[in-house]
Amino acid sequence: MTVCTVCGAVDEIDHVEVPSMAGYGHDTATSCTRCGSSVATDPMFGAHLTRKPWPPHSPTTGDTTGSTR
């Protein structure tokens, strides 16, 4: 069982492993299909985490300044 540390999704995680661009070991990318957060790792630089906002922000429409004429 894999759990996303950002949104808490269970088993909604994609794992991709490819040969390292550094020439040894493997680079991996793990991303949550629910919130889009990801972790990429490689043997030379370690892990790089990209956190997406959770819960996702709702788009706002219209004038939010509240001005009156």
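Residues numbered from 1 in each chain as written. Predicted model: local features only at pLDDT ≥ 70, side-chain atom pairs only at ≥ 80, totals over all residues. Heavy atoms only, no water.

**What about a nonpolar patch on the surface?**
This is how the line gets drawn: Residues enter patches when they are more than 30% accessible in relative terms and free of salt bridges; like-charged ones are connected within 9 Å and nonpolar ones (Val, Leu, Ile, Met, Phe, Trp, Tyr) within 5 Å. To measure how exposed things are, a 1.4 Å probe is used in the Shrake-Rupley method; for residues, cover is taken only from the protein chains shown. Salt bridge, as used here: a side-chain nitrogen of Lys or Arg that lies within 4 Å of a carboxyl oxygen of Asp or Glu. What counts as a helix is a DSSP run of H or I of at least four residues, what counts as a strand is a run of E of at least two, and both are numbered from the N terminus.
Judged by side-chain polarity, Met 1, Val 3 and Val 10 come together as a nonpolar surface patch covering roughly 330 Å² of accessible area. Take Val 10: it is sitting in the segment before β1 (13-19).

**Focus on unusual backbone geometry**
Residues other than glycine seldom take positive phi values, yet Asp 11 does so here, at roughly 55°. Here Asp 11 shows up in the segment before β1.

**Section: the environment of Gly 23**
With respect to the helices and strands, the residue Gly 23 is situated in the loop between β1 and β2 (26-32). Taking the C-alpha atoms as reference points, Gly 23 and Pro 43, 20 residues apart in sequence, are found 9.4 Å from one another.

**Focus: the side chain of Ser 37**
Going by this rule: Only protein chains enter the accessibility calculation, which uses a 1.4 Å probe; a residue whose area is less than 20% of its type maximum is buried, one above 50% is exposed, and one in between is partly exposed. Should any heavy atoms of two residues lie within 4.5 Å, those residues are considered in contact.
Along the chain, the position of Ser 37 falls in the loop between β2 and β3 (38-42). Its relative accessible area of 6% is what places Ser 37 among the buried residues. Excluding its chain neighbours within four sequence positions, the residues that come into contact with Ser 37 are Val 6, Thr 30, Ser 31, Cys 32, Thr 50, Arg 51 and Lys 52.

**Some remarks on the sheet that holds β1**
Definition in use: Strands are treated as partners if at least two bridges between them are detected by DSSP. Only the stretch in contact is used when fitting a helix axis, every axis being a line fitted to C-alpha atoms; angles between N-to-C directions are given from 0 to 180 degrees.
Read across the sheet, four strands follow the order β1-β2-β3-β4 without closing on themselves; strand pairing throughout is antiparallel. Bordering the open sheet on either side are β1 and β4 (46-50), each of which pairs with just one other strand. Neighbour-to-neighbour, the strand axes of the sheet open up by a mean angle of 10°, direction not taken into account. Pairing of β3 with β4 involves five bridges; the strand directions are antiparallel. Residue pairing for β4: Thr 41 is matched across the bridge by Ala 47.

Note that every value here comes from positions in space, so none of it alone points to a role or purpose.
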